[in-house]
Amino acid sequence: NYLRRRAEDQARRDPLTGALHRYGLAEVGTRVLSRAHRSGDPITIAAIDFDDFKAINDFGGHAAGDAALCESASLWMQGLEPGDLVVRTGGDEFVLLIHADEECAAERLAMLRAQAAYPWSWGLTRYRAGDELDDLMQRADAQLHLAKERRSGSRA
């Protein structure tokens, strides 16, 4: 029984970072949203993307990029609350599912960002009754793109 549960957990995880992967999010995230719908507890989704990740790979090679991904995923997993989810959705893109309202989630992310060795941007959205996981991810991604635009505009 223990070995079966462990194998199932490993099958949901990204082998590089230990974060959930997209399929793990689909399974676990749907249960979390269902629970939030019944309880009314706040849930916030954060879409995260590294800033200038290509430069990390170009300067230090893919090993440096892998280290940046692993260190950042570890920071998020250790810095969030138990039950919050860290998900690698692709390349240098992550989603965090945080059991808090947007204001509290933004405060947590700002603290984590201040501790981070590598720069990243985020976009947030909160769960609203009837939302599907894809709805949340699309809204968070749109907010992430706005944050990236503001960031690149401030450098010009």
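Parameters at a glance
Residues numbered from 1 in each chain as written. Predicted model: local features only at pLDDT ≥ 70, side-chain atom pairs only at ≥ 80, totals over all residues. Heavy atoms only, no water. Helix = DSSP H or I, 4+ residues; strand = E, 2+ residues; numbered from the N terminus. Rg over C-alpha atoms; globule rule 2.2 N^0.38 Å. Contact = heavy atoms within 4.5 Å. Areas by Shrake-Rupley, 256 points an atom, 1.4 Å probe, with all protein chains shown as cover. Pairing = 2+ DSSP bridges. Axes fitted to C-alpha atoms, helices over the stretch in contact; angles between N-to-C directions. Phe/Tyr/Trp six-rings, centres within 6.5 Å; stacked < 30°, edge-to-face > 60°. Buried < 20%, exposed > 50% of the residue type's maximum accessible area, 1.4 Å probe, protein only. Expected span 1.5 Å × (residues − 1). Bend = angle between axes of the 7 residues up to and from the residue.

A. Spotlight on the overall build of the protein. Per the secondary structure count, the protein includes 5 helices and 5 strands. Ordered by position from N to C terminus, the α and β elements of the protein give α-β-α-β-α-β-β-α-β-α. Taking 15 Å as the expected radius of gyration for a compact globule of 156 residues, we find that the protein reaches 16 Å, a close match to that expectation. For the protein, the spread of C-alpha atoms along the principal axes amounts to about 45 × 35 × 25 Å. In the protein, once contacts between residues fewer than 6 apart in sequence are set aside, the share between residues at least 24 apart is 63%. Just so you have it, the protein exposes about 8700 Å², and 52% of that area is on carbon and sulfur atoms.

B. Geometry of the sheet that holds strand S5 (residues 120-126). One open sheet accounts for 5 strands, arranged S1-S3-S4-S2-S5; its pairing is mixed. Across the chains shown, the open sheet's two edge strands, defined by having one partner strand only, are strand S1 (20-21) and S5. Across 2 bridges, S1 lies against strand S3 (residues 85-90) in parallel orientation. Counterpart to Leu20 in the pairing with S3 is Val87. Packing against the sheet, helix H4 (residues 102-115) makes contact with strand S2 (44-50), strand S4 (93-98) and S5, and its axis sits at approximately 165° to S5.

C. Here's a closer look at the packing of aromatic side chains. What the rule picks out here adds up to 6 aromatic pairs. With a centroid separation of 5.6 Å and 55° between ring planes, the pair formed by Trp120 and Trp122 is classed as tilted. Residue Trp120 is classed as buried on the basis of its relative accessible area of 2%. For Trp122, a relative accessible area of 23% puts it in the partly exposed group. Of the aromatic side chains, those joined through ring pairs into one cluster are Phe50, Phe53, Trp76, Phe94, Trp120 and Trp122.

D. Expanded view of the environment of Gly29. Take Gly29: it is sitting in helix H2 (residues 22-39). Linking Gly29 and Asp14, residues 15 residues apart in sequence, is a C-alpha distance of 15 Å. For Gly29, the residues in contact, after removing those within four places along its chain, are Gly24, Leu85, Leu97 and Leu133.

E. Local environment of unusual backbone geometry. Even without a glycine there, the phi angle at Asp52 is positive, about 60°. Along the chain, the position of Asp52 falls in the loop between S2 and helix H3 (53-79). Judged by relative accessible area, which is 43%, Asp52 ranks as partly exposed.

F. The arrangement of the pairing of S3 in detail. With 5 of 6 residues buried, S3 lies mostly within the body of the structure. Count of turn residues in the S3/S4 antiparallel hairpin: 2 residues, of which Gly91 carries a positive phi of about 30°.

G. Here's a closer look at H3. Between its first and last C-alpha atoms H3 spans 22 Å; for 27 residues at 1.5 Å apiece the expected length is 39 Å, and the helix comes up short by more than 12%. Along H3, the helix axis deviates most sharply at Gly60, where the bend reaches about 130°. Taken together, the buried positions of H3 are Phe53, Ile56, Asn57, Gly65, Ala68, Leu69, Ser72, Ala73, Leu75 and Trp76. Buried residues in H3 make contact with S2, S3, S4, H4 and S5.

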